[in-house]
Amino acid sequence: MPKHIVRLIILIVAGIAAGWAAKSYFTAESFYEYGHYRAASVPEIAAQEPAYQTPRYCQACHGERHAQWSASNHKTVICETCHGAAQGHPQKAKLSIPADTRKLCTLCHEAMPGRPRTQPQVVLAQHSGGQQCIVCHNPHAPKIAGVPVKVAGDAAAGATKHAASCAGCHGAKGISPNDTWPNLAGQHGAYLARILAAYKSGDQKDVAMTPLAQALSDADIQNLAVFYAGLSCNGTATKPPAGDVAAGKALAEKNCATCHGQTGIASNPAWPILAGQKGGYLVNVLKAFRGGLRKDPMMAGVVRGLSDADIANLAAYYAGQRCEPTMQVGRTP
Amino acid sequence: MKKTNPALAARRAFLRRLGRAATYAGAALGVGSLGGVQKVAAKNESTSGTGSFPTKDYDWTKRRWAFGVDATKCIGCLRCVEACKRENNVPGDAHHFRTWVERYVYLEGEDKARIDSHHDPVNIAASGSEREYRFANRYKDAKVEKAFFVPKLCNQCTHPACVQVCPTGATYKTVDGVVLIDEKYCIGCQYCVQACPYGARFFNARKGVTEKCYWCYHRITKGLQPACVEVCPVGARIFGDLNDKQSPISLFIRNNRVHVLRPETGNAPNVFYVGLDKDVV
């Protein structure tokens, strides 16, 4: 074989060998293992830590809130949709409690062309009167249980029952003799019926009220509600308890007025009239809501942030309001 | 034990590979390609024999992931966009995103839909920042004939054009049906960004690599749902395993008449839609 051909062959073979060596050197170990890519990159990607932890993670510590949420119609909105990803919480990071609920809630609930009709939507300007959504709606159970029950009964029968069972504590005319028991005269009938039914069923508990309410028939409850609603609340105003009335008024306008009215006259008969109610009773009830002894999803949300002083101020304000103009007002919103 | 100089070790490894290569070259010259074939066979055996891949708790041969979107349920709250950004550390501005929601609005007397998404200037102005996402209520006083929202994301196509054009093997289709990006091998040439018919990819200039939705591969391999599916308040996004006949996605496809976007491109997408309209592509 001619010398130059041999040299050419040696050169070509050396070139092939060098090329092969370079390819083996530069190609990653796992390349071609499953295809034309680096197989090791798959576990690398799969090893990233998830940021969103799912509600089960939250449930471990926030069990009560989780139970309330998972029974509500907000159960499809997971904790982290509003509070942000829980990665690093609680060890490293606190999660935010959304401050501006008018901004947050309207992301889903602002009336907007394109949203399906099944989605609850509001025109903000006509809905809240400038208040934050959480003033009335508990975000963990947003549906307001304010549908008034129709009350139809016999006031005379109610009066008889009242004299036999209730007058001892709540007073002959529905005006209680002390500061701890509530006045009933002139209260919304639908509210009274709802609360008596709650005592009867055990949804609401009280040492004195529970056995008394259990002894009532459904008709008794209706009769009593009609009877008390028809009584005059004149003379309910007693000396208002200690508290800063002006501060209570400011707080009431912000937190309570939408449902319970500016002066404590609730517009919806399912919600109680607070004007002229006993101050000590109001304090006790607000504290019971705050401590979870009395359960109401909306009230739980509203009272969560109240201090003892706030509660005293609110009680002082509402106890000092006159209940007269409220009489016989039974309009629905 | 004696400490090894890393440079020396690398050199030794190189020499070892060089030697191996020389051997193969010789073998190839001597007995054809037999040696090479044996080597490939041995490699395949060793990986499939050692258990599940890619992680020890997850075997990608057992799954066939697919995604569903019920556009009739979407309310355009954009929680999915926000969750995706946080979950995957996507650049915080409004113009880089792995998933997005389009709003189609037909006004009375107009033939064509008006289409906008969260990065429309009007919507950025409504949210107040590029880091928050909100649809402006810009059509509330207009005479709207018809309007709806359509969530979009990577379709993880069965025949992905993006994978075909990648020059380095940095993007690929996994056995369980997701198209991934190997950030270490991506050279940032952006051929894939141009090849994708759905606009699902974007270039992350900070990292110098292309990015896109991968159905939260790090979550689905741990038994979780993708973040957007998790946070969707109305169940407009459905995810699951087609191998499981009772999974949400299997039921969704079986019980609905589903469509895919741009079937004519031949990419065979794996995001199935209910409630698309004539102008949605």
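The rules behind these values
- Residues numbered from 1 in each chain as written.
- Chains lettered and ligands numbered in written order.
- Predicted model: local features only at pLDDT ≥ 70, side-chain atom pairs only at ≥ 80, totals over all residues.
- Heavy atoms only, no water.
- Salt bridge = Lys/Arg side-chain N within 4 Å of Asp/Glu carboxyl O.
- Helix = DSSP H or I, 4+ residues; strand = E, 2+ residues; numbered from the N terminus.
- Buried < 20%, exposed > 50% of the residue type's maximum accessible area, 1.4 Å probe, protein only.
- Patch = residues over 30% accessible without salt bridge, like charges linked within 9 Å, V, L, I, M, F, W, Y side chains within 5 Å.
- Areas by Shrake-Rupley, 256 points an atom, 1.4 Å probe, with all protein chains shown as cover.
- Core = buried A, V, L, I, M, F, W, Y, C linked by side-chain atoms within 4.5 Å.
- Contact = heavy atoms within 4.5 Å.
- Phe/Tyr/Trp six-rings, centres within 6.5 Å; stacked < 30°, edge-to-face > 60°.

## Re the pattern of salt bridges
Phase 1 of the analysis: Overall, the coordinates contain 24 salt bridges over all chains when judged by the stated rule.
Phase 2 of the analysis: Residue Asp182(B) is joined to Arg38(A) by a salt bridge in which the shortest nitrogen-to-oxygen separation is 2.8 Å. Within this pair, whereas Asp182(B) is found in the loop between β8 (179-181) and α6 (191-195), its partner Arg38(A) is found in the loop between α1 (3-26) and α2 (41-46), the two belonging to separate chains. Accessibility classification places Asp182(B) together with Arg38(A) in one group, the buried group.
Phase 3 of the analysis: When the shortest N-O distance is used, the salt bridge between Glu211(B) and Arg98(B) registers 3.0 Å. Of this pair, Glu211(B) sits in strand β10 (residues 209-211) while Arg98(B) sits in the loop between α3 (79-88) and β4 (100-107), and the two are 113 residues apart along the sequence. Note on accessibility: Glu211(B) and Arg98(B) belong to one class, buried.
Phase 4 of the analysis: Among the charged side chains, a network of salt bridges with common partners joins Arg38(A), Glu44(A), Asp182(B) and Lys184(B).

## With respect to a nonpolar patch on the surface
Phase 1 of the analysis: A surface patch of nonpolar side chains, amounting to about 540 Å² of accessible area, comprises Met1(A), Ile5(A), Val6(A), Ile9(A), Ile10(A) and Val13(A).
Phase 2 of the analysis: One can find Ile5(A) in helix α1.

## Examining the nonpolar core
Phase 1 of the analysis: In this structure, Phe67(B), Trp215(B) and Tyr217(B) are the most contacted members of the largest nonpolar core, which totals 49 residues.
Phase 2 of the analysis: At the level of elements, α2 of chain A together with β3 (65-70), α3, β4, β6 (144-152), α7 (217-220), α8 (227-231) and β12 (271-274) of chain B are the ones that each hand at least two residues to this core.
Phase 3 of the analysis: Once you skip the residues sitting within four places of it in the chain, Phe67(B) turns out to touch Leu153(B), Trp215(B), Pro226(B), Cys228(B), Val229(B), Arg237(B), Ile238(B), Phe239(B), Ile249(B), Asn270(B), Val271(B) and Phe272(B).
Phase 4 of the analysis: Core analysis: the second largest hydrophobic core is formed by 37 residues, Ile175(A), Ala193(A), Ile221(A) and Val303(A) among them.

## Some details on the packing of aromatic side chains
Phase 1 of the analysis: Taken as a whole and assessed by the stated rule, the structure comprises 18 aromatic pairs over all chains.
Phase 2 of the analysis: Plain terms: the ring middles of Tyr37(A) and Tyr172(B) are 3.8 Å apart, the flat faces sit at 5 degrees to each other, and that makes the pair stacked. Linking Tyr37(A) in the loop between α1 and α2 with Tyr172(B) in strand β7 (residues 171-173), this pair reaches from one chain into another.
Phase 3 of the analysis: Residue classification places Tyr172(B) among the buried positions, given a relative accessible area of 2%.
Phase 4 of the analysis: Ring geometry for Phe135(B) against Phe149(B): centres 5.1 Å apart, planes inclined by 50 degrees, an arrangement best described as tilted.

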